[in-house]
Amino acid sequence: MGLQDLLEYQKTDAKLRDIEQKIGTSDERKKFIQAKKFVDAALEKIDSQDKRAAELAKMRDELEERCKEFMKQIEEYSDLEEMVEGGGDLGFYKKNALALLERIRSVKAELNKIASESNAVFEEFKALRDQVSKKQAEKEEYKAKYDQLKTQYEGEVKEIQVRLDEIASKFKPGILEKYRAKRKEGIFPIFVPLTDGRCICGMDLSLAQQGKLSGGGVIECEHCRRFIYNK
């Protein structure tokens, strides 16, 4: 394996990278991703609304049961005259009855709040449902276009990959892994020539560092982490 093999690999890989960028920055992919994100977020919101609706229904049922219980207690005071004639304290009965009525009013106020929130949740759910239906259709439309775009490049990508594998077969163990790691980090080109004593990023190399490049040597730039070689 020599430096020329590495440069040939990078030159061939640049073609693959160009295709990846064309696909990755295409309108088809952008619109597909946008629609997918909206649908995913909306479905999470709908799930959250379902849970909240269930909570509100449970709270409503509990409050209605409490209201029924208070009403039963109020009914016990329907024969107030009879209770007083039996020796009961009228003031005490009135105080309890008023307290029960206040509790009933409080419960009904809570029920109104729950009803209002439930309506708001339902209206938001309906709006989201309609939007999801529309965006889901867009998502499927642009996914099909995105897949079609990738299919257009499949043959070319396979040819490039075959060539890359042929060149990589000449590499020493570990070389390809280092190359791929830097490529994954977004570094490209990875192998760059020394120009006027500098790396492509503008970092100056000392004479000692430049001396290591003789005979096909390669060093890693301390600034941009590219591999520098001398032409």
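Residues numbered from 1 in each chain as written. Predicted model: local features only at pLDDT ≥ 70, side-chain atom pairs only at ≥ 80, totals over all residues. Heavy atoms only, no water.

Participant: Explain the overall build of the protein residue by residue, including any values.
Facilitator: Scanning the protein from N- to C-terminus turns up 6 helices and 3 strands. Starting at the N terminus and ending at the C terminus, the protein contains elements arranged as α-α-α-α-α-β-α-β-β. Against the compact-globule benchmark of 17 Å for 231 residues, the protein has a radius of gyration of 37 Å, which places it well outside the compact range. Principal-axis analysis of the C-alpha atoms places the extent of the protein at approximately 120 × 45 × 30 Å. Residue pairs at least 24 apart in sequence account for 70% of intrachain contacts in the protein once pairs closer than 6 positions are excluded. Accessible area of the protein: about 15,600 Å², with a carbon and sulfur share of 50%. Here the protein carries 45 positive and 45 negative side-chain charges, and the mean point of each set is 9 Å from the other. (Helix = DSSP H or I, 4+ residues; strand = E, 2+ residues; numbered from the N terminus. Rg over C-alpha atoms; globule rule 2.2 N^0.38 Å. Contact = heavy atoms within 4.5 Å. Areas by Shrake-Rupley, 256 points an atom, 1.4 Å probe, with all protein chains shown as cover. Lys, Arg positive; Asp, Glu negative; His and termini not counted. Charge placed at Lys NZ, Arg CZ, Asp CG, Glu CD.)

Participant: Can you tell me about the sheet that holds strand S1 (residues 191–193), naming the residues and giving the values?
Facilitator: Taken together, the 3 strands give an open sheet; going across it, the order is S1-S3-S2, and neighbouring strands pair in mixed fashion. Every other strand in the sheet has two partners, leaving S1 and strand S2 (219–220) as the edge strands with one partner each. When S1 meets strand S3 (residues 227–229), the two strands line up parallel, connected through 3 bridges. If you follow Pro193 over to S3, its bridge partner there is Tyr229. (Pairing = 2+ DSSP bridges.)

Participant: So, the environment of Arg198: which residues are in play, and what are the values?
Facilitator: Within the secondary structure, Arg198 is located in the loop between S1 and helix H6 (207–211). Judged by relative accessible area, which is 38%, Arg198 ranks as partly exposed. Sequence separation of Arg198 and Cys221 is 23 residues, and the distance between their C-alpha atoms is 9.5 Å. Within the local environment of Arg198, its side chain forms a polar contact with the side chain of Asp204, the two groups lying 2.9 Å apart. (Buried < 20%, exposed > 50% of the residue type's maximum accessible area, 1.4 Å probe, protein only. Polar contact = N/O pair within 3.5 Å; in protein donor to acceptor, adjacent residues only side chain to side chain.)

Participant: Would you mind going over the nonpolar core in detail, with residue names and values included?
Facilitator: Within the largest apolar cluster, 25 residues are counted, with the highest numbers of intra-cluster contacts made by Tyr9, Ile23, Phe171, Tyr179, Ile190 and Phe191. Those elements that provide at least two residues to this core are helix H1 (3–24), helix H4 (90–168), helix H5 (175–184) and S3. Looking at which element gives the most residues to this core, the answer is H4, with 8 residues. Core analysis: the next-biggest nonpolar cluster, separate from the first, contains 10 residues, Ile104, Val107, Leu111 and Ile114 among them. (Core = buried A, V, L, I, M, F, W, Y, C linked by side-chain atoms within 4.5 Å.)

Participant: Would you mind going over the packing of aromatic side chains in detail, with residue names and values included?
Facilitator: Overall, the coordinates contain 5 aromatic pairs when judged by the stated rule. A centroid spacing of 5.1 Å and a plane angle of 90 degrees characterise the contact between Tyr9 and Tyr179, whose relative ring orientation is edge-to-face. Separated by 170 residues along the polypeptide, Tyr9 in helix H1 and Tyr179 in helix H5 bring together distant segments of the chain. Of the two residues, Tyr9 and Tyr179, neither departs from the other in class, the shared state being buried. The side chain of Lys135 reaches across the aromatic face of Phe38, ending 5.7 Å from its centre. (Phe/Tyr/Trp six-rings, centres within 6.5 Å; stacked < 30°, edge-to-face > 60°. Lys NZ or Arg CZ within 6 Å of the ring centre and 35° of its normal.)

Participant: Tell me what's going on with H5, and back it up with residues and numbers.
Facilitator: Buried within H5 are the following residues: Leu176, Tyr179 and Lys182. One side of H5 holds all its buried residues, which, seen down the axis, span an arc of 130 degrees. Exposed residues on H5 whose side chains face more than 90 degrees from its buried face are Glu177, Lys178 and Lys184. One or two positions beyond H5, positive phi appears at Gly186, with a value near 95 degrees. (Arc of directions from axis to C-beta.)

Participant: Tell me what's going on with H1, and back it up with residues and numbers.
Facilitator: Taking 1.5 Å per residue, 22 residues should reach 32 Å; H1 reaches 30 Å between its end C-alpha atoms and fits that length. Among all positions of H1, only Leu3, Asp5, Leu6, Leu7, Tyr9, Gln10, Thr12, Asp13, Leu16, Ile19 and Ile23 are buried. (Expected span 1.5 Å × (residues − 1).)

Participant: Break down unusual backbone geometry for me, citing the residues and quoting the values.
Facilitator: Looking along the chain, the bond that leaves Phe188 and enters Pro189 is cis, with omega of -5 degrees. Among the secondary structure elements, Pro189 is positioned in the loop between H5 and S1. Even without a glycine there, the phi angle at Asp196 is positive, about 55 degrees. Here Asp196 lies in the loop between S1 and H6. A relative accessible area of 70% means that Asp196 is categorised as exposed. At Arg225, a residue that is not glycine, the phi angle is positive and equals roughly 70 degrees. Mapped onto the elements, Arg225 comes out in the loop between S2 and S3. Look at Arg225 and you get partly exposed, because its relative accessible area is 36%.

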